[in-house]
Amino acid sequence: MSAVAARANPLLKSFPPFLTWPHLRFRTICSGRLGFAPSDPDHPVAGTKLLESFKEEFEVGTSLITLETGKIARFANGAVVLGTGETKVLSTVAASKGDALRDFLPLTVDYQEKQFAQSLIPTTFMRREGAPKERELLCGRLIDRPIRPLFPPGFYHEVQVTASVLSSDGRHDPDVMAANATSAALMLSDIPWGGPIGMIRIGRIDGHFIVNPTMEELILSDLNLVYACTKDKTLMIDVQAREITEKDLEAGLRMAHPEAVKYLEPQIRLAAKAGKQKKEYSLSMLSQKTLEKVGALAEAKIGAVFTDPSYGKFERGEALENIMQDVKQQLEEEGDEESIKILPKAIDTVRKQVVRKRIITEGYRLDGRHLDEVRPIYCEAGHLPILHGSALFNRGDTQVLCTVTLGAPQDAQRLDAIVGPSTKRFMLHYSFPPFCINEVGKRTGLNRREVGHGTLAEKALLAVLPPEDEFKFTVRINSEVMASDGSTSMATVCGGSMALMDAGIPVREHVAGVSVGLVSEVDSTGEIKDYRILTDILGLEDHLGDMDFKIAGTRSGITAIQLDIKPAGIPLDIVCESLEAARKGRLQILEHMEREISTPRSKDDRNAPRLASLRYSNDALRRLIGPLGAIRKKIEEETGARLSVSDETLTIVAKNQNVMDKVLEKVDSIIGQEITVGGIYKGVVTSIKEYGAFVEFGGGQYGLLHISELSHEPVTRISDILSIGQAISVMCIEQDVRGNIKLSLKRISPQSATIEVNARTPEVNVSDFIVSKETTANAQYSASSVSTQLDAKSVSDLLAQAVSTLENPSTSPDFRIRSVAECDEEEKRLESTSIPLWPSKSKRSKDYGSSLSTSSSVLSDVKESKGKGPISAKNLKLGTTVTAKVHQIRALGLVLDLGGGVRGMYRFEQDRGKTDHAVGDELRVKCTSFSSKGIPVMSLEKDD
């Protein structure tokens, strides 16, 4: 404690005795600050504890960065709080104290985002955070990848890094902040480490690079580049882009390096103020003597196996195991127990030297390929035809099966991250089962490696997906690794791209990926003096090489990158040189994929998934959902479809067309249909009246099917055609402003060439004098007593004139629907006029019986009448006297040609019959009234 106090304040060494701690009642020291003891020993009071903290502030881009230590997490080996704006991240490190009895570095990085950081309570049942989420695993990997290569060789002590987000303002992503805070914490600790490192994020908007962009800027950016480095070497690269060119990416990398270096000096200054002295940890190193002995016994045999391309992956493994057993037997005979303990590590080191030396000196690889050669490729789209989409992709011995499943918008993954979007509609799930490498293992929960590889492939494919407003499906790709011999994540990109096209998803073009490796030779100072870049590396080349540089993209540019290295950094020039090698390999793979499938398939068969987006009022949607969503759940259970409801929008995703039809029928029965004029709809007859039938479409929607719209033939009784409860398809022919719907049945049924008139109809309506607009050109009109047939040309001319008259609103009155009572009142009104138009019902039935014709009137050519000049519907008034010609003779009266295209009707008097007149006779008539349909009612003018 005294040493700490003296280091904090050197003047404490020269204080006189009367100023010592007991005389001044000091009792504690905390980081060089003194705590005061209570002034009265008989009444002790808690003293005030002063916490000394150390802080460094600096600017990167437009952001002010702070590094602080000493205030919280004081027992950790190293603890730093890094802040940007109101976002603060705490990173701590700790190392085990025991001996390292292993041959690898057990480094664990835990990244935590708890909801208190954004002032929220978790929505889980227990109201607390559970297992790590995908984002937390990915951020942990982002921290692990650049710091792992900087631990010294042979350091196998357990190290744990814990990064926690303390507060978040939602504007800055804490992942890069956590990596820089971890670097500073390792610098403060006593753990041997070759840092510091700096990590930076670069975006690009409208061609301009942005340093440390905010979350709002990242939405507009076509580049999300995360770059980590030491002072002069690259450690890690992670990229998501929208087809950025290699040249533009290189420019972004070269801009990112000096910006990331700005994080280094503040960490060094903070470590000088508050850092601990590095501790001497035991290192598990191979002795040069043992390595030389094992090399002498095994190098020749290993070289024979690993320079023979006829050996496969497992054959090489078996041969290496046999070599190790032979060496072990010789060491046992010599009694060299120390060498036997580290024999596997020594054999692996010798193998690494043999393989790397052949690649550097001869330019040939394990399987005999040249450095830039891609393994043989096999592609098959539609491997599982019954699925929405599928593809099988082989590159060498690596094999991946990818499937695509389409879902409703509500199937999108919900994210609980403190930054970024709340949902994700495109998901790629990567699975690496033990059988793919012929091993036995257990399937557990989320695996960091699987999550990382799946996210890399997801980033690569996301750039070519259509926008959400054009393609509303939720898309899930499953990548099942069937066999692994290197770069299964890039095989997933290739297989996933083909599966998307096989599913009919309108992706712009194919995406392919390839992994590039590096084998280097260094001098005594650790600097690279020679190197070779390898295209499409094997699994063993990844293990024995220096880097695994995964690059995915289209012909136009790069969409995703992930760089992992093993040495303590690689020059940026070598990294940029690898981009061109990856582009050439990617183009070779794209050619194979495009030969198999080059455009999205047309999924027009009935087994293809269907999506419908319908607009309804919110009230209608509430009826569809039902209490607690019961109605919607019932529909989903019965049909297997997915229903998603948003503001005035219903989205339905069905497995096939049959399921979609069932769902639409159920939806229509609950909330009705959107009725438009000209549309054909299914409905149920609910009631039958004398003038027509009412049809229900569901959701409380009704329409009137008038008797005149039932059939092309006259109908006596509606019940002869329809019955209550009958399901029919009808066409909407009119819908007024009040929502009243008028329907037609005959307009969707074929019309016969001849229309027979029912002569036994006991009553005649005034509408018999009006020609229906839907009457076809070739028709025959007949009566029971008198059968009049017109030739086809005459009928066609007459009907054309009739249609023209009816379409003219000035001469064609609106159709009206009247009840039976209203029709009786109209007849009584007409009978009360000075010259009766119709006989009474009883008289009509008695005198004319079944000879009454119900056929519609047919209008003829327009002629001017003699008398007062041309007549039109506008100047014809009550009392007007004109000379008319008899156009037709009917059972109850005459159809008169008044001239100017106007037709009128004259009712026979009781004591005179139709035999008194002939077609063509001229009569002097006077307009006495108008029918309810606007037809002039005429009377004969008596001779003076």
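Just so it is clear, the structure is predicted and the values come from calculations on it, not from any experiment.

K.L.:
Just to check I follow, could you spell out the overall build of the protein chain for this structure?
P.N.:
Scanning the protein chain for helices and strands turns up 20 helices and 36 strands. With 944 residues in all, the protein chain has 48% of them scored as buried. A fraction of 68% describes how many contacts in the protein chain between residues 6 or more apart in sequence connect residues 24 or more apart. Accessible area for the protein chain stands at about 46,500 Å²; split by element, carbon and sulfur atoms hold 51% of it.

K.L.:
Please clarify how the side chain of T398 should be interpreted in this entry.
P.N.:
Among the secondary structure elements, T398 is positioned in strand β15 (residues 398-407). Polar side-chain contacts of T398 include one of 3.1 Å to the backbone nitrogen of D485. When residues no more than four places from it in sequence are discounted, the contact partners of T398 are R375, F393, A483, S484, D485, G486, S487, T488 and A491.

K.L.:
Just checking my understanding: could you explain helix α7 (residues 288-306) for this structure?
P.N.:
Side chains that are three or four residues apart share a direction in an α-helix, a result of its 3.6 residues per turn. Between its first and last C-alpha atoms α7 spans 23 Å; for 19 residues at 1.5 Å apiece the expected length is 27 Å, and the helix comes up short by more than 12%. The largest bend along α7 measures about 50° and falls at A298. Turning to α7, its buried residues are T290, L291, V294, G295, A298, I302, G303, V305 and F306. If you follow the buried residues of α7, they end up packed against α8 (313-334), α9 (337-341), α10 (343-362) and α13 (539-544).

K.L.:
Can you walk me through a nonpolar patch on the surface in this structure?
P.N.:
A grouping of L384, I386 and L387 is seen on the molecular surface, where their side chains present a nonpolar patch of about 290 Å² in accessible area. Checked against the element boundaries, L384 lands in the loop between β13 (377-381) and β14 (389-395). A residue is classified by how much of its surface remains accessible, and L384, at 30% relative accessible area, is partly exposed.

K.L.:
What is the right way to look at the pattern of salt bridges in this model?
P.N.:
Note that side chains of opposite charge can pair when their charged atoms are close. For the coordinates displayed, the defined rule picks out 47 salt bridges. Note that D536 is salt-bridged to R369, the shortest N-O span being 3.6 Å. Pair noted here: D536 is in the loop between β21 (528-535) and α13 and R369 is in the loop between α10 and β13, with a separation of 167 residues, a long-range link. Given the relative accessible area of 5%, R369 is considered buried. For R369, the salt bridge identified is with E541, shortest N-O distance 4.0 Å.

The rules we used
Residues numbered from 1 in each chain as written. Predicted model: local features only at pLDDT ≥ 70, side-chain atom pairs only at ≥ 80, totals over all residues. Heavy atoms only, no water. Helix = DSSP H or I, 4+ residues; strand = E, 2+ residues; numbered from the N terminus. Buried < 20%, exposed > 50% of the residue type's maximum accessible area, 1.4 Å probe, protein only. Contact = heavy atoms within 4.5 Å. Areas by Shrake-Rupley, 256 points an atom, 1.4 Å probe, with all protein chains shown as cover. Polar contact = N/O pair within 3.5 Å; in protein donor to acceptor, adjacent residues only side chain to side chain. Expected span 1.5 Å × (residues − 1). Bend = angle between axes of the 7 residues up to and from the residue. Patch = residues over 30% accessible without salt bridge, like charges linked within 9 Å, V, L, I, M, F, W, Y side chains within 5 Å. Salt bridge = Lys/Arg side-chain N within 4 Å of Asp/Glu carboxyl O.

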